[in-house]
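# Observations on chain architecture
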Amino acid sequence: MPGFSLPNCALGVATAATQIEGGDLDTNWHRWAATPGHIHDGTTPARAADHWNRVAPDTALLAELGVRHYRLGLEWARLEPAPGRFDADAFAHYRDELTGLRDAGITPLVTLHHFSVPGWFDDAGGWLAPAAVRTFLRLVEKVVRELGDLVGEWITINEINVQAVKGWLYGEWPPGEMSLPRTIAVMQALLEAHVAAYRLIHELQPDALVGAAHHLRVFRPRHRANPVHAASALATRHLFQGAAVRAASTGRFLPPLRTPRGVRPGRYADFQAINYYTRNTVRGIGDEMATGVPVNDLGWEIHPAGLVELAAWAHRVLPVPVWITENGTADAADSFRARYLYEHLAAIAASDLPIERYYHWCFTDNWEWAEGESARFGLVALDFESQERTIRESGRFYADVIAHSGATVEAHDRWVAGQQYPIG
Ligand code: BGC
């Protein structure tokens, strides 16, 4: 190495509505955050990065970084504040934002559902209500009809597995349940919602590119020779991501999932969208972090080779282009983010897979769900009090990588060479 080029992979950044927009809304997450103890630092999404009021300067900041692709989310509770009642002002706001992005030469990739749902949707039973999928499709149809002239790339649902497991199995996220059957039922509903949304978007917009963003992890047995550890790793892999990715992209629903009525095996993704952060060690039910390995501020292992390993697997499941729709790290001191970026992008550069897109998580620091404002994922640092934005050195490095379609030796020496990962 130490330089590499990435001529075939377009580079961008990602965000999600609830994590940056701010606003006193009625969503499941605003409700959840109102209960002390649910969010580690006691914050709520009401302020976040106040992006709702700062769209123009934030678009200018994206342009300053040289970003050409931006993944953003829409807040369902803004668009449909009451069942079946859509808010024209909210649609107009997003039209302005999308128009501004396009005028700046930035192609939007829009997420339709990223963890947050309106309070009324939850009151009606959330994803376990019999009408849930139909209710979601009503939103999808409206959004595609209203905004489809400005958007040609869609993520239907973000991280079906993470939503289901954190919300219904571990009880760490709303609605705070701990039930395996309900976790599987939620996964099933979200997968059905994806498949139906994929079809619907293509009916309305035949040329659209549509996928579901999957959170994928490497699961390694703690001791490879231990058959219990090895079997646990296999089972966890299948239950957490294998079954869901197969169902969402090929329509093949393996146990414990059930094939929904009317769904035949086929193609339900135009790209395999992967959110990749870390590797877990497994020795029983559940997962754990290894020790003595490079870690980020949250203790997540940093394992760049896993990105390509998982991309290869997803590409075998459905051979379409791979888009890395999230990859990033919590690093408040910005002391290893440039190295993290460099090593993950170098792994992509060295692979011969069709990895066409890479969106770094996150554009700015944001409201990190249960971590609140405490975990810093941004290429741009955010002072939550003053709302001042400051491009981090890692952000400058990424801008340089974008400008050169790769990392030059000079950039490596300037931003990466001196950085080391903490060891956990
Ligand atoms: C989610 C993001 C989140 C990120 C970092 C992903 O699982 O899609 O919303 O902020 O991880 O924790």
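In this report, we go over the structure that sits alongside the text. Residue positions are given per chain, counted from 1 along the sequence in the order it is written. Given that this is a predicted model, residues contribute local features only at a pLDDT of at least 70 and side-chain atom pairs are listed and counted only at 80 or more, while totals for whole chains, interfaces and linings are drawn from all residues. Calculated side-chain values reflect all of the structure's heavy atoms, with hydrogen atoms and water omitted.

### Quick notes on the sheet that holds strand 9 (residues 355-361)
- Pairing between strands requires that DSSP locate at least two bridges from one strand to the other. Put simply, DSSP marks the helices as runs of H or I at least four residues long and the strands as runs of E at least two long, and each gets a number from the N terminus on. Here we have eight strands rolled up into a closed barrel, ordered 2-3-4-5-6-7-8-9, and parallel in their pairing. Going from strand to strand, the sheet's axes swing by 30 degrees on average, the running direction of each strand aside.
- Contacts from helix 8 (residues 160-169) reach strand 4 (107-113), strand 5 (153-158) and strand 6 (209-221), with the element oriented near 20 degrees to strand 5.
- Lying on the sheet, helix 12 (residues 337-350) is in contact with strand 2 (10-14), strand 7 (272-282), strand 8 (322-327) and strand 9; it crosses strand 9 at an angle near 170 degrees. In this description, a line fitted to the C-alpha atoms serves as the axis of each element, helices being fitted only across the stretch in contact, and the angle between N-to-C directions of two axes falls anywhere from 0 to 180 degrees. Residue contacts are defined here by distance: any two heavy atoms, one from each residue, within 4.5 Å place the two residues in contact.

### Considerations on the site of the ligand
- The immediate surroundings of the ligand are formed by 14 residues, with Gln19, Glu159, Glu326, Glu368 and Trp369 found nearest.
- A distance of 2.9 Å separates an oxygen atom of the ligand from a polar side-chain atom of Asn158. The cutoff for a nearby residue is simple: one of its non-hydrogen atoms must lie within 4 Å of the molecule or strand. Polar contact is the term for a pair of N or O atoms within 3.5 Å; when the atoms are in protein, one must be able to donate a hydrogen and the other to accept it, and sequence-neighboring residues count only if both atoms are side-chain atoms.

### Observations regarding the packing of helix 9 (residues 180-204) against helix 10 (residues 227-250)
- Direction vectors running N to C along helix 9 and helix 10 enclose 25 degrees, while the axes themselves pass 10 Å from each other. On the basis of their axis angle, the class for helix 9 and helix 10 is roughly parallel. In the crossing of helix 9 with helix 10, the sense of the turn from one axis to the other is right-handed. Counted together, Met187, Leu191, His194 and Val195 of helix 9 and Leu239, Phe240, Ala244, Ala247 and Ala248 of helix 10 form the full contact between these two elements.
- All residues other than Ala, Val, Leu, Ile, Met, Phe, Trp, Tyr, Cys, Pro, Asp, Glu, Lys and Arg, Gly among them, are scored as polar; the first ten of these are nonpolar and the last four charged. Classifying every residue of the contact of helix 9 with helix 10 by side-chain character gives eight nonpolar, one polar and no charged. What sets the label is the angle itself: under 35 degrees gives roughly parallel, over 145 gives roughly antiparallel, 65 to 115 gives roughly perpendicular, and the rest give oblique. Should the near helix be turned counterclockwise from the far one by less than a right angle, the crossing is left-handed, whereas a clockwise turn marks it as right-handed.

### Digging into the packing of aromatic side chains
- Two rings from Phe, Tyr or Trp (for Trp, the six-membered ring) form a pair when their centres are within 6.5 Å of each other. A pair whose planes differ by under 30 degrees is stacked, one over 60 is edge-to-face, and the rest are tilted. Evaluation of the coordinates by the stated rule reveals 27 aromatic pairs.
- Look at Trp76 and Phe121: their rings are 4.8 Å apart centre to centre, the planes differ by 50 degrees, and that puts the pair in the tilted class. With Trp76 in helix 4 (residues 76-79) and Phe121 in helix 6 (residues 119-123), the pair connects residues that are 45 residues apart, well separated along the chain. The exposure classification of Trp76 matches that of Phe121, with both residues buried.
- Here Phe115 and Trp369 contribute two aromatic rings whose centre-to-centre distance is 5.0 Å and whose plane-to-plane angle is 65 degrees, an arrangement assigned as edge-to-face. In this pair, Phe115 sits in the loop between strand 4 and helix 6 while Trp369 sits in the loop between strand 9 and strand 10 (380-383), placing the two residues 254 residues apart along the sequence.
- Note on exposure labels: buried denotes an accessible area under 20% of the residue type's maximum, exposed denotes more than 50%, and partly exposed covers the range between, all computed with a 1.4 Å probe on protein chains only. The exposure class assigned to Phe115 is buried, which follows from its relative accessible area of 5%.
- Accessibility expressed as a relative area gives 4% for Trp369, which makes it buried.

### Examining unusual backbone geometry
- Look at the link from Pro174 to Pro175: it is a cis peptide, with omega at 5 degrees.
- Mapped onto the secondary structure, Pro175 falls in the loop between helix 8 and helix 9.
- The backbone of Phe115 shows a phi angle near 75 degrees, a positive value even though the residue is not glycine.
- Phi is positive for Trp369, which is not a glycine, with a value near 50 degrees.

### Topic: the nonpolar core
- Only buried residues count toward a nonpolar core, which is a set of Ala, Val, Leu, Ile, Met, Phe, Trp, Tyr and Cys residues joined through side-chain atoms within 4.5 Å. The biggest cluster of nonpolar side chains holds 122 residues, and the ones touching the most others in it are Trp127, Phe136, Trp154 and Leu345.
- No other element matches the ten residues that helix 9 contributes to this core.
- Setting aside chain neighbours within four positions, we find Phe136 in contact with Trp76, Leu112, His113, Trp127, Thr156, Ile157, Ala193 and Ala197.
- Membership of the second largest hydrophobic core comes to 15 residues, among which are Ala14, Ile155, Cys362 and Ala375.

### What about helix 14 (residues 409-416)?
- All buried positions along helix 14 are accounted for by Ala411, His412, Trp415 and Val416. An end-on view of helix 14 places all buried positions within 100 degrees of arc, on one side of the element. Summarising the geometry of helix 14, the exposed residues directed more than 90 degrees from the buried face are Glu410 and Arg414.
- Elements that come into contact with the buried residues of helix 14 comprise helix 12 and helix 13 (393-404). Working definition: the arc comes from the directions between the helix axis and the C-beta atoms, pointing outward to the latter.

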